[in-house]
Amino acid sequence: MTPAIKVLLVDDQALLRSAFRVLVDSEPDMRVVGEAADGAQAVEVARAERPDVVLMDIRMPGTDGLAATRMISADPDLAEVRVVMLTTFEVDEYVVQSLRAGASGFLGKGAEPDELLSAIRIAAGGEALLSPAATKGLIATFLAQGGGGAGEGPGAAEYAERLSALTTREREVLVLVAGGLSNDEIAERLVVSPLTVKTHVNRAMAKLGARDRAQLVVIAYESGLVRPRVE
């Protein structure tokens, strides 16, 4: 029997945490292993409980979700922990910062219960929860940064050097990932199997030092491999 997905709930609103707990614990394949009301407490509980997925509110008093996500991502003992940011607005100024901090994706607080449960399963499976809307917001943010953003972000030169290790097909897949396409959509576009696409994505992540698919999107733009276009 597959072990239940361990979930940590982080939000300064106790009522919201309670609602999430009831929902998560109602599922046979997941369970809440802890709660935290701020970022500092979230890191402590994460280190104690080793959750598979952390549902992390961004805006909290004291240590916010961004700082907590950075600490979790920087801890080698928590390398397998995936953080899904909870936002009031799915696309806001925190998108790029969250991805750079190590978040695997985003979920609006107004999401339907099924969407929340699906997000937990997706993150636990190692996939990124980055919707087309969030991807468009990410691209728009890059456009607004540094006179264009692409190829000018932190670590751009290092990423560009790592890109040289990618095969032609891996670079092609990376471009499509940055465009917000799912593995199934990429497979259809390239006329290959989804499993083949997943293999290319995993190899690209390994070569680029990306934690997950969401990080690949950041790298694709910061390295200059993909340049945003204004529609």
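Residues numbered from 1 in each chain as written. Predicted model: local features only at pLDDT ≥ 70, side-chain atom pairs only at ≥ 80, totals over all residues. Heavy atoms only, no water.

Visitor: Can you explain the overall build of the protein chain? Please cite residues and give values.
Guide: Along the protein chain, the regular secondary structure elements total 11 helices and 5 strands. Evaluated residue by residue, the protein chain yields a buried proportion of 48% over its 231 residues. Looking at the protein chain as shown, the accessible area adds up to about 10800 Å², and 53% of this sits on carbon and sulfur atoms. (Helix = DSSP H or I, 4+ residues; strand = E, 2+ residues; numbered from the N terminus. Buried < 20%, exposed > 50% of the residue type's maximum accessible area, 1.4 Å probe, protein only. Areas by Shrake-Rupley, 256 points an atom, 1.4 Å probe, with all protein chains shown as cover.)

Visitor: Just give me the short version of the pattern of salt bridges, but keep the residues and values in it.
Guide: Tallied over the full model, the rule gives 8 salt bridges. Here Glu 35 and Arg 17 are joined by a salt bridge, their closest N and O atoms 2.9 Å apart. Highlighted residues: Glu 35 in strand S2 (residues 30-36) and Arg 17 in helix H1 (residues 14-25), separated in sequence by 18 residues. Classification of Glu 35 by relative accessible area gives partly exposed; the value is 24%. In this structure, the salt-bridge partner of Glu 170 is Lys 207, at a minimum N-O distance of 2.9 Å. With Glu 170 in helix H8 (residues 168-178) and Lys 207 in helix H10 (residues 194-208), this residue pair connects regions lying 37 residues apart in the sequence. (Salt bridge = Lys/Arg side-chain N within 4 Å of Asp/Glu carboxyl O.)

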